[in-house]
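These are the residues of each chain, in order.
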Amino acid sequence: MEGKKEEKKPKNRVKMREQDPLTRARNFNEVPYGYTPFDAVEEASRCLSCKRPTCREGCPVEVDIPGFISLIKERKFLEACYKVKGKNALPAVCGRVCPQEIQCESLCILGKKGEPVAIGNLERFVADYEAEKGEIKVPEKPKPTGRKVVIIGSGPGGLTCAADLAKSGHQVTLFEALQKPGGVLIYGIPEFRLPKVIVEREVEYIKKLGVELILDAVIGKLYTVDELLNDKGYDACFIATGAGLPIFMGILGENLNGIYSANEFLTRANLMKAYLFPEYDTPIKRGKKVAVFGGGNVAMDSARVALRLGAERVYLIYRRSEAEMPARKAEVHHAYEEGIEFLLLTNPTRFIDDGKGNVCGVECIKMELGEPDESGRRRPVPIKGSEFQIEIDIAIPALGTRANPLLTKTMPDLKLNKRGYIVAEEETGMTSKLGVFAGGDIVTGAATVILAMGAGKKAARAINEYLKWKYWDFKS
Amino acid sequence: MFKILKKKELSDVVTLFEIDAKDIARKVQPGNFFVLKIHEQGERIPLTIADFDREKGTLTTVFQKVGKTTYHLGTLNEGVFIMDIIGPLGIPSHIENYGKVVCIGGGVGIAPVYPIARALKEAGNIIISIIGARTKNLIFWKEKMRNVSDELIVTTDDGSYGRKAVVTIPLDELLREDKDIKLVIAIGPAIMMKFVCRTTAKYNVKTIVSLNSIMVDATGMCGACRVEVGGETKFACVDGPEFDGHKVDFDQLMKRQQMYLDEEKIALERYREKYGIK
Ligand SMILES: Cc1cc2nc3c(=O)[nH]c(=O)nc-3n(C[C@H](O)[C@H](O)[C@H](O)COP(=O)(O)OP(=O)(O)OC[C@H]3O[C@@H](n4cnc5c(N)ncnc54)[C@H](O)[C@@H]3O)c2cc1C
Ligand code: SF4
Ligand code: FES
């Protein structure tokens, strides 16, 4: 027995094939190609099917990870997909954009000695397999409960909550301000990382569950939440409007032409498909020398889009060091490979005007790491006299977002925190306003797709309970 | 999908649409605007609201053909559907009884100033309106404006209609002679609003302008519309579109409005070529 175990040393992960870095840096096609069925079975066979699977605890939407992986081992790919979809309505999305390294995979037992099972890659494989086979199965419609729930915002939080509530038999209406559903998945995350047909496919599935989707509807303007609850007869409301307001740096010259918030740059490129201009009408400036500021996913995405729009040089300027970068590791790695130039421990101090109102350069200062700050990360401090200038024609601050007050300011009875985010109970999403739940970035501040989905799932459960008992006990 | 119920050419470059948009019409107020996208490949552009009818559930907008999207829009006929209309957006005009108010509309800016003038009139104000344009055939809604004004002055740059002047000339005279004017509202090209503000600053009369920045989402999410007001960066779509004109950095606004001149030219030429329009 012992000897046999020795032989079964954990194999390495099955790598996913990718487009060559220099080729992909000039196109918008997806970077990794995905697993073949052979790869998937091979990778799945690494899983030990643990009795007490720790990986599951790392999944906010409670996917039965060893369960679906076992089905892959048996080559029951469709069944594996249905198993995932029982809990997760957006598997093809999650398989691509979740930071598995800090979620499920960080808890996989194999990670203690070697590489954890590539859970994300397998999830992506089963979802793509189902779509390719064209056998998208919709669960049987449950008995209608006669209850109506309204959801505001069609990002991952709203979509997950909508799917779960529809599966419970409630009548669900989902309002979205933009012309397309998906939130950040559609306007923020670029095509080469998350092809839009995949988002469309998963949204289509949620519509098939019976969710009514109303686009172009800015709640707070078109209807207030009170109107929806009192006049339109909705029994409960879930707010998942995301964070969404761009933060600027407040430095000189920031309103010069050629300076885009990452939100604007990515919205033009992704939602409006400006990279296809003039086929599509929305223009975008194609810079030769582009500077992106920040170290998160948003910064990586902006830099890589700029590259694909034809930039000769793209600088990623971040005030801390690589270790502190909040972006997914895979994306930082991809950015490096594609030739993004990282200027770390560097902070911009002002933008330079070409005399005609366009940005033509940025002045930066070098930083060093000092004492740890509240976040536990070492605080960067400027090094006196280390200023230098770089020539650029496009600048993209990607320094995070704030809460958008557009909706919340029409709800004076909704408790917000100091930063304008909605105060909601973590386990239920319950807010200070009767019948109103909230979750995702509008509660936590900019976070991740899976955390927003987890919040949507918990809120759906709590809304179910609320619709049964009509009991409201908000503690906070 | 939103149906065009009525179309009227106000001049060879200015068109009026009445659009079926019940939910928006229910909520819209003077000073609001909306965003429109004609079709799948289209861009999102903000347009002002010139009038609305809550009973009929309609919005009226007046636009000038300047770029590809507005040219294309101008070719659409009654009965045709527009893919996306999003609104009402922006903070509505603040309406109260100020006393005496001057309402200025320049070019297509005449349209959005109309519902504001009407609301101010209904609130008991004395309204003096000045409407101006480059030349005669760009002046429209003279009668409508007269109906909501106690006095109406019409100007054209070339003198082909009304007084040969830019709007700031009669404005200056009014302010000089009448110390009771409490407020000036000006909507039109940025350059006009800039000079209106210069004029009113001399007399220290509060001036509200409505800014037509480039926008994308128009819900505060992107910052395309940002403009400096009183030294602070504001988003025209959610903090405005109306601002205290004396605090607006119009030069910056005008530069930002020109950010895509090259691209607009490419798009328009391509469109004209495709449809054989000169
Ligand atoms: C460029 C970018 C890349 C990212 N990359 C990753 C990644 O790789 N992995 C990861 O896990 N996370 C990533 N994130 C973060 C992640 O996308 C978000 O945390 C997540 O989308 C939040 O989901 P949400 O449902 O709370 O809101 P959102 O996705 O922000 O969706 C909110 C939706 O609500 C709509 N809305 C807002 N106000 C209203 C209103 N008043 N009426 C109607 N609708 C309204 C918005 O238009 C939007 O569609 C990224 C974010 C960005 C911007
Ligand atoms: S912890 Fe790792 S090995 Fe164990 S069941 Fe989960 S994925 Fe498989
Ligand atoms: S248009 Fe995007 S924030 Fe104003």
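1. Quick notes on the pattern of salt bridges
- In total, this model carries 56 salt bridges over all chains according to the counting rule given.
- Across the pair Lys 202 of chain B and Asp 172 of chain B runs a salt bridge, and its minimum N-O distance is 2.7 Å. Of this pair, Lys 202 of chain B sits in helix α6 (residues 190-203) while Asp 172 of chain B sits in helix α5 (residues 168-177); the two residues are 30 residues apart in sequence, bridging distant segments of the chain.
- Residue classification places Asp 172 of chain B among the buried residues on the basis of a relative accessible area of 13%.
- Overlapping salt bridges bring together Glu 18, Arg 24, Arg 193, Asp 301, Arg 304, Arg 308, Arg 328, Glu 331, Glu 337 and Glu 338 of chain A as one network.

2. Side note on the site of ligand 2
- Taken together, Cys 47, Leu 48, Cys 50, Pro 53, Thr 54, Cys 55, Pro 66, Cys 108, Ile 109, Val 117 and Ile 119 of chain A make up all the residues around ligand 2.
- For the shell around ligand 2, a count of residues per class yields ten nonpolar, one polar and no charged.

3. Remarks on the site of ligand 1
Residues and elements named next belong to chain A.
- If you check the shell around ligand 1, you find 36 residues, and the closest are Val 97, Gly 157, Glu 176, Arg 193 and Asp 441.
- At 2.8 Å from an oxygen atom of ligand 1 is found a side-chain nitrogen or oxygen belonging to Arg 193.
- Measuring from an oxygen atom of ligand 1, one finds a backbone N or O atom of Asp 441 at 2.8 Å.
- Against a free-state accessible area of 1000 Å², the protein chains account for coverage of 94% of ligand 1.
- Within the residue set of the shell around ligand 1, elements represented by two or more residues are α10 (156-167), α15 (297-308), α17 (405-408) and α19 (449-469).
- Ranked by residue count, the leading element in the shell around ligand 1 is α15, at three residues.
- Considered class by class, the residues forming the shell around ligand 1 number 20 nonpolar, eleven polar and five charged.

4. Observations regarding the packing of helix α3 (residues 37-44) of chain A against helix α5 (residues 65-73) of chain A
Residues and elements named next belong to chain A.
- Following both chains from N to C, one finds α3 and α5 inclined at 125°, their axes separated by 8 Å at the closest point. On the basis of their axis angle, the class for α3 and α5 is oblique. Where α3 crosses over α5, the handedness of that crossing is left-handed. Contact with α3, carried on its side by Ala 40, Val 41 and Ala 44, involves Ile 69, Ile 72 and Lys 73 of α5 and no other residues of that element.
- Residue classes in the contact of α3 with α5 are distributed as five nonpolar, no polar and one charged.

5. Quick look at the pairing of strand β11 (residues 378-382) of chain A
Residue and element names in this part refer to chain A.
- Pairing geometry for strand β10 (residues 359-372) and β11, over four bridges, is antiparallel. Pairing of Pro 372 across the sheet is with Arg 378, part of β11.
- The hairpin formed by β10 and β11 contains five residues between the paired strands, and Gly 376 there has a positive phi angle of roughly 85°.

6. Some remarks on the interface of chain A and chain B
- Each partner contributes residues to the interface: chain A has 43 residues there, and chain B has 45 residues.
- Across the chain A to chain B interface the summed buried area is about 3800 Å²; carbon plus sulfur atoms make up 52%.
- It is Lys 221, Asn 255 and Asp 281 of chain A that lose the most area in chain A upon contact with chain B, and together they represent 19% of the buried surface on that side.
- Taken together, chain A and chain B are joined by six salt bridges.
- Taking the shortest distance from any N to any O, the salt bridge between Lys 180 of chain A and Glu 40 of chain B comes out at 3.1 Å.
- Linking chain A to chain B there are 23 residue pairs in polar contact (both at pLDDT 80 or more).
- Elements that contribute at least two residues to the side of chain A that touches chain B include exactly β5 (244-246) and α14 (262-271) of chain A.

7. Considering the nonpolar core
- Core analysis: the biggest nonpolar cluster contains 83 residues, and Phe 68 and Phe 437 of chain A have the highest contact counts within it.
- Considering each element in turn, this core owes the most residues, nine residues, to α19 of chain A.
- Sequence-distant contacts of Phe 68 of chain A, that is, excluding residues within four places in its chain, are made with Val 63, Ala 80, Lys 83, Val 84, Ile 119, Leu 122, Glu 123 and Val 126 of chain A.
- Counting residues in each nonpolar core, the second largest holds 45 residues, with Met 411, Ala 438 and Val 443 of chain A together with Ile 24 of chain B among its members.

About the criteria used
- Residues numbered from 1 in each chain as written.
- Chains lettered and ligands numbered in written order.
- Predicted model: local features only at pLDDT ≥ 70, side-chain atom pairs only at ≥ 80, totals over all residues.
- Heavy atoms only, no water.
- Salt bridge = Lys/Arg side-chain N within 4 Å of Asp/Glu carboxyl O.
- Helix = DSSP H or I, 4+ residues; strand = E, 2+ residues; numbered from the N terminus.
- Buried < 20%, exposed > 50% of the residue type's maximum accessible area, 1.4 Å probe, protein only.
- Near = heavy atom within 4 Å.
- Nonpolar A, V, L, I, M, F, W, Y, C, P; charged D, E, K, R; others polar.
- Polar contact = N/O pair within 3.5 Å; in protein donor to acceptor, adjacent residues only side chain to side chain.
- Areas by Shrake-Rupley, 256 points an atom, 1.4 Å probe, with all protein chains shown as cover.
- Axes fitted to C-alpha atoms, helices over the stretch in contact; angles between N-to-C directions.
- Parallel < 35°, antiparallel > 145°, perpendicular 65-115°, else oblique.
- Left-handed = near helix turned anticlockwise from the far one by under 90°.
- Contact = heavy atoms within 4.5 Å.
- Pairing = 2+ DSSP bridges.
- Buried area = accessible area lost by both parts, 1.4 Å probe.
- Core = buried A, V, L, I, M, F, W, Y, C linked by side-chain atoms within 4.5 Å.

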